[in-house]
Amino acid sequence: AQKVTQAQTEISVVEKEDVTLDCVYETRDTTYYLFWYKQPPSGELVFLIRRNSFDEQNEISGRYSWNFQKSTSSFNFTITASQVVDSAVYFCALSGVGGGADGLTFGKGTHLIIQP
Amino acid sequence: NAGVTQTPKFHILKIGQSMTLQCTQDMNHNYMYWYRQDPGMGLKLIYYSVGAGITDKGEVPNGYNVSRSTTEDFPLRLELAAPSQTSVYFCASSPGRNTEAFFGQGTRLTVV
């Protein structure tokens with residue numbers, strides 16, 4: 001069975017601070033994919049990134065960066081110089097290529113509040 | 001390009017009634033999914049489909065049914081609604097397995 005744990009239920013920081021959202025996963029698949037989605041107050045889910053289990057290179061996209069460490073089964077997400085528009089619920093998710101159901105296994109999400 | 005469209009956006013259903021949540025996508029994606037999101041619980045997979053005529057259960061299928069007669073449409077049927085089915089329902093599609101999923105705007109359903 002797959003599992004995604006986002007231990008931080010809610011984080012509140014002041015604008016311009018850096019913030020890291022933690023994600024720890026469990027899977028028996030040797031090939032798997034990790035995702036981050038953003039859910040702003042309007043409710044839709046916005047795709048941020050997809051990484052496969054064979055690519056451990058960190059990724060940077062503007063103020064966003066992701067740190068994938070297979071040794072600790074973690075896929076953490078950092079926002080640098082946070083802005084009020086970053087306020088949202090962020091979900092980490094996992095999918096595998098084993099014999100289980102298709103689709104994503106989501107964590108419970110981290111509610112990020114950026115205060116002006 | 002509309003992407004994934006869900007209707008209705010909001011609905012109140014009485015206990016024991018049935019209804020169908022509609023989902024259509026115009027991206028010619030083979031894979032489609034239904035998730036439910038409960039407060040503080042993330043999203044859980046209800047049913048999915050890998051192509052027209054093929055559906056399978058996800059993690060929480062009880063109380064729901066689906067059909068996939070066309071590539072575009074993937075309706076979710078609730079039979080004998082119960083308060084436990086009060087949730088926000090998201091439909092999604094993707095071009096393949098383990099690829100980026102595109103989500104609809106969600107349907108907020110209340111069963112009273």
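What you are looking at is a predicted structure, and each value in this text was computed from that prediction instead of being measured.

Would you take a moment to explain the overall build of chain A for this structure?
For chain A, the count of helices and strands is zero helices and 12 strands. The linear arrangement of helices and strands in chain A, starting from the amino end, is β-β-β-β-β-β-β-β-β-β-β-β. Rg of the C-alpha trace for chain A: 14 Å, near the compact-globule value of 13 Å for 116 residues, within the 12% margin. By principal-axis analysis of the C-alpha atoms, chain A measures approximately 45 × 30 × 20 Å. Burial analysis of chain A (116 residues in total) assigns 46% to the buried set. The contacts of chain A with a sequence gap of at least 6 include a subset with a gap of at least 24, amounting to 56%. In the structure as shown, chain A presents an accessible area of about 5,600 Å², 48% of it carried by carbon and sulfur atoms.

Help me understand the sheet that holds strand β1 (residues 4–7) of chain B in this model?
The pairing of strands in a sheet happens through backbone hydrogen bonds and is either parallel or antiparallel. Residues and elements named next belong to chain B. Taken in spatial order, the four strands make up an open sheet running β1-β3-β8-β7, and their pairing is antiparallel. The open sheet has two free edges, formed respectively by β1 and β7 (64–66), since each of these has just one partner strand. Across the sheet, the axes of successive neighbouring strands diverge by a mean angle of 20 degrees, strand direction being ignored. Here β1 pairs with strand β3 (residues 19–25) via four bridges, running antiparallel. Each residue of the ladder has a partner; that of T7, found in β3, is Q22.

Just to check I follow, could you spell out the environment of A:E10 for this structure?
Residue and element names in this part refer to chain A. Among the secondary structure elements, E10 is positioned in strand β2 (residues 10–14). The sequence separation of E10 and G43 amounts to 33 residues, and the corresponding C-alpha distance is 17 Å. Filtering out sequence-adjacent residues up to four positions away, E10 remains in contact with H111 and I113. Within the structure, E10 has its side chain in polar contact with the side chain of H111 (distance 3.4 Å).

Scoring rules and cut-offs
- Residue numbering note: each chain is counted from 1, following its sequence as written.
- Here chains are named by letter from A upward and ligands by number from 1 upward, in the order in which they appear as written.
- Residues qualify for local features only when their pLDDT is at least 70, as the model is predicted, and side-chain atom pairs are given and counted only at 80 or more; totals for whole chains, interfaces and linings, by contrast, use all residues.
- Hydrogens and waters are ignored; side-chain quantities use all the structure's heavy atoms.
- Where helices and strands are cited, they refer to DSSP runs of H or I of at least four residues and of E of at least two residues respectively, numbered from the N terminus.
- For a compact globule the rule gives 2.2 Å times the number of residues to the power 0.38, and the radius of gyration it is set against comes from C-alpha atoms.
- Between buried and exposed lies partly exposed: a residue is buried under 20% and exposed over 50% of the maximum accessible area for its type, with that area taken using a 1.4 Å probe on protein chains only.
- The contact criterion used throughout is that any non-hydrogen atoms of two residues lie within 4.5 Å.
- Here the accessible surface of atoms and residues is derived via Shrake-Rupley with a 1.4 Å probe, and residues count as covered only by protein chains that are part of the display.
- Pairing between two strands requires that DSSP report at least two bridges joining them.
- Axis definition: a line fitted to C-alpha atoms, over the contacting stretch in the case of helices. Angles run 0 to 180 degrees between N-to-C directions.
- Counting of polar contacts relies on pairs of N or O atoms within 3.5 Å, with two restrictions inside protein: one atom must be capable of donating a hydrogen and the other of accepting it, and residues adjacent in sequence are counted only when both atoms are side-chain atoms.

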